[in-house]
Amino acid sequence: MKILKKCLGLVVMISLLVITGCEKPASTTESPDKVLLKMQEQYQEKKSENKKSQTKGSFTFKVNTAKTNISTFGELDITIDGIDINNPKAEIISSLEGESSGEEIEGSAKIDLNLKLFKQTLYLKLNELELNSKDDPNMTQQIQMMSAFITNKWFKIPLPENQGLNPVGISGPLSLNNSQFTEEQIKQIEDLAKTIPVFKFAGDLGLKNGKYNYKVTLHKENIIRFIGEMAKIMNTELTNEDQDKIKEILQTIEIKAEFVIDAKTFELNEIKNGEIFIKSSENNEEATMVVNAKLSQKKTEINFDIVISVNGEEIKINATLDLNTIPNAKINIEEPEEAEEFDPLMMMGLSSEQGVPELAE
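Residues numbered from 1 in each chain as written. Predicted model: local features only at pLDDT ≥ 70, side-chain atom pairs only at ≥ 80, totals over all residues. Heavy atoms only, no water.

Peer 1: I'm lost on the packing of helix α5 (residues 220-233) against helix α6 (residues 240-251) in this one. Help?
Peer 2: Two measures define how a pair of helices packs: the angle their axes make with one another and the distance between the axes. The interhelical angle for the contact between α5 and α6, taken along N-to-C directions, is 145 degrees, at an axis separation of 11 Å. Here the hand of the crossing between α5 and α6 comes out right-handed. Along its contact with α5, which presents Lys 220, Ile 223, Ile 224 and Ile 227, the element α6 presents Ile 246, Lys 247, Leu 250 and Gln 251. (Axes fitted to C-alpha atoms, helices over the stretch in contact; angles between N-to-C directions. Helix = DSSP H or I, 4+ residues; strand = E, 2+ residues; numbered from the N terminus. Left-handed = near helix turned anticlockwise from the far one by under 90°. Contact = heavy atoms within 4.5 Å.)

Okay, here's the thing in structure tokens:
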């Protein structure tokens, strides 16, 4: 579902940015709009300082529908080397356990895997794969046989060159798919992000314990402006068709939240009652996401509650992240020495040359 992809994309985005006391008006020489802009500037400064980092932590993921309940939990170890933006390196070590119950599927799973991004290639290694279906013993046996062909081996999947970050499937300058960034362009884009606020002030909840408490909404006009200016930096420009497509997407999204911002450092410390509403005309789909987060350069705690409605049927999702980050970490991500080209047929003990066997009637 397209709307689910949008939700998950917004989740990858809030994760990577990703009080008590007497309440009184925020008496300051700084206007709320200026504070929000300084918050963005502070974020950009910290982001540029931490192009190498290591993050460890835990996560949970629960899905509830009318027919099925799924619950998973696991550990994450994420290492990122983004010094070369055109050739980023990353390594993810993850383990998870989960179980499901209900009419559609009942069973348990345990997965331990390594992922690496290196020189436009995705590397994958499954260290452990265990899936048990309580209502389909044959499936459990097939999974056990399949795991023998794919576990404890590195596989590689080449990625399209210059694909860029394109989470909503837009072509043209918005996706920046056809360009390589230069160091100068990177600096210009980072500086641009310090001058155009993407959040709009919507209400003052008071200055509490040296922290601004603001209601904010998404500044859609500025987002269009930012994308247009970024396109110019990339030596292109948005066409009227591009702008119409951006406006169409933004019309399907509404965001509001309470930001808690340090009055001295302008660091975003907390997101309260963040609400993201997405609506799609296809299949009468709509989704509401409620986000609460505590943020710092070294610590991130985020809770997502998502409700997706498709033709009146609801899917409820709860996800949590509890992460600790070492900024400017000394890391070295190496390319696996031996890796096979990934072939989906090998999961059945076959190869592309052998083809898919005919099923007996």
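Peer 1: Is there a simple way to think about helix α3 (residues 137-150) in this case?
Peer 2: Since the α-helix packs 3.6 residues into each turn, any two residues three or four apart lie on the same face. The end-to-end C-alpha distance of α3, which contains 14 residues, comes to 21 Å, matching closely the 20 Å that a straight helix rising 1.5 Å per residue would cover. Considered for burial, the residues of α3 that qualify are Thr 140, Ile 143, Met 146, Ser 147 and Ile 150. The buried residues of α3 occupy one face: seen down the axis, they fall within an arc of 130 degrees. Away from its buried face by more than 90 degrees, α3 exposes Pro 137, Asn 138, Gln 142, Met 145 and Ala 148. (Expected span 1.5 Å × (residues − 1). Buried < 20%, exposed > 50% of the residue type's maximum accessible area, 1.4 Å probe, protein only. Arc of directions from axis to C-beta.)

Peer 1: Looking at this structure, how should I read the environment of Asn 292?
Peer 2: Relative to the assigned elements, Asn 292 resides in strand β11 (residues 285-295). Between the C-alpha atom of Asn 292 and that of Ala 257, which follows or precedes it by 35 residues, the distance is 9.1 Å. Excluding anything up to four places from it in sequence, Asn 292 contacts Ile 271, Lys 272, Asn 273, Glu 301, Ile 302 and Asn 303. Within the structure, Asn 292 has its side chain in polar contact with the backbone nitrogen of Asn 273 (distance 2.9 Å). (Polar contact = N/O pair within 3.5 Å; in protein donor to acceptor, adjacent residues only side chain to side chain.)

Peer 1: I keep staring at the pairing of strand β6 (residues 154-158) and nothing clicks. Help me out?
Peer 2: Note that strand β5 (residues 121-133) and β6 share five bridges and pair antiparallel. Its bridge partner lying in β6, Tyr 123 is registered against Lys 156. Here two bridges tie β6 to strand β14 (residues 340-341), and the two strands are oriented parallel to one another. Bridge pairing in β14 places Lys 156 opposite Glu 341. (Pairing = 2+ DSSP bridges.)

Peer 1: Looking at this structure, I do not really get the packing of aromatic side chains. What am I missing?
Peer 2: Aromatic ring pairs are reported here in terms of the distance separating the ring centres and the angle at which the planes meet. Counted according to the given criterion, the structure contains four aromatic pairs. Ring geometry for Phe 199 against Phe 259: centres 5.0 Å apart, planes inclined by 70 degrees, an arrangement best described as edge-to-face. Of this pair, Phe 199 sits in strand β7 (residues 199-208) while Phe 259 sits in strand β9 (residues 253-262); the two residues are 60 residues apart in sequence, bridging distant segments of the chain. Neither Phe 199 nor Phe 259 differs from the other in exposure class; each is buried. Measuring from centroid to centroid gives 5.2 Å for Phe 201 and Tyr 214, while their planes differ by 85 degrees, and the two rings are edge-to-face. Residue Phe 201 is found in strand β7, and its partner Tyr 214 is found in strand β8 (residues 211-218); the two are separated by 13 residues along the sequence. A relative accessible area of 28% means that Phe 201 is categorised as partly exposed. (Phe/Tyr/Trp six-rings, centres within 6.5 Å; stacked < 30°, edge-to-face > 60°.)

Peer 1: When you look at the nonpolar core in this model, what are you seeing that I'm missing?
Peer 2: Note on soluble globular proteins: their nonpolar side chains tend to be buried together. With 40 residues, the main nonpolar core has Phe 259 and Ile 261 as its most contacted residues. Beyond its immediate chain neighbours, meaning those up to four positions away, Ile 261 contacts Val 35, Leu 36, Met 39, Gly 210, Lys 211, Tyr 212, Tyr 214, Phe 266, Glu 267 and Leu 268. Leu 192, Ala 193, Ile 233 and Met 234 belong to the second-largest nonpolar core, a separate cluster that totals eight residues. (Core = buried A, V, L, I, M, F, W, Y, C linked by side-chain atoms within 4.5 Å.)

Peer 1: It is not clear to me how the pattern of salt bridges should be interpreted in this structure. Could you clarify?
Peer 2: Pairing of side chains with opposite charge becomes possible as their charged atoms draw close. If you walk through the whole model with that rule in mind, you get 12 salt bridges. Asp 81 is the salt-bridge partner of Lys 52, the closest N and O atoms lying 3.9 Å from each other. Separated by 29 residues along the polypeptide, Lys 52 in strand β1 (residues 52-64) and Asp 81 in strand β2 (residues 68-81) bring together distant segments of the chain. Residue classification places Lys 52 among the partly exposed residues on the basis of a relative accessible area of 27%. Among the residues examined, Asp 81 registers a relative accessible area of 12% and is labelled buried. The salt bridge involving Lys 187 is made with Asp 191; its shortest N-O contact spans 2.8 Å. Of this pair, Lys 187 and Asp 191 both sit in helix α4 (residues 183-192), four residues apart, which is roughly one turn of that helix. The class for Lys 187 is partly exposed, based on a relative accessible area of 45%. (Salt bridge = Lys/Arg side-chain N within 4 Å of Asp/Glu carboxyl O.)

Peer 1: In this structure, what is going on with the pairing of strand β10 (residues 268-280)? I would like to understand it.
Peer 2: For a regular strand, side chains alternate in direction, first toward one face of the sheet and then toward the other. Taken together, the eight bridges between β9 and β10 define a ladder with antiparallel strand orientation. Bridge pairing in β10 places Lys 256 opposite Glu 275. Between the antiparallel neighbours β9 and β10 lie five residues, among them Phe 266 with a positive phi of about 65 degrees. Judged from the nine bridges that link them, β10 and β11 form a sheet pairing that is antiparallel. Within β11, the residue paired with Ile 278 across the bridge is Ala 287.

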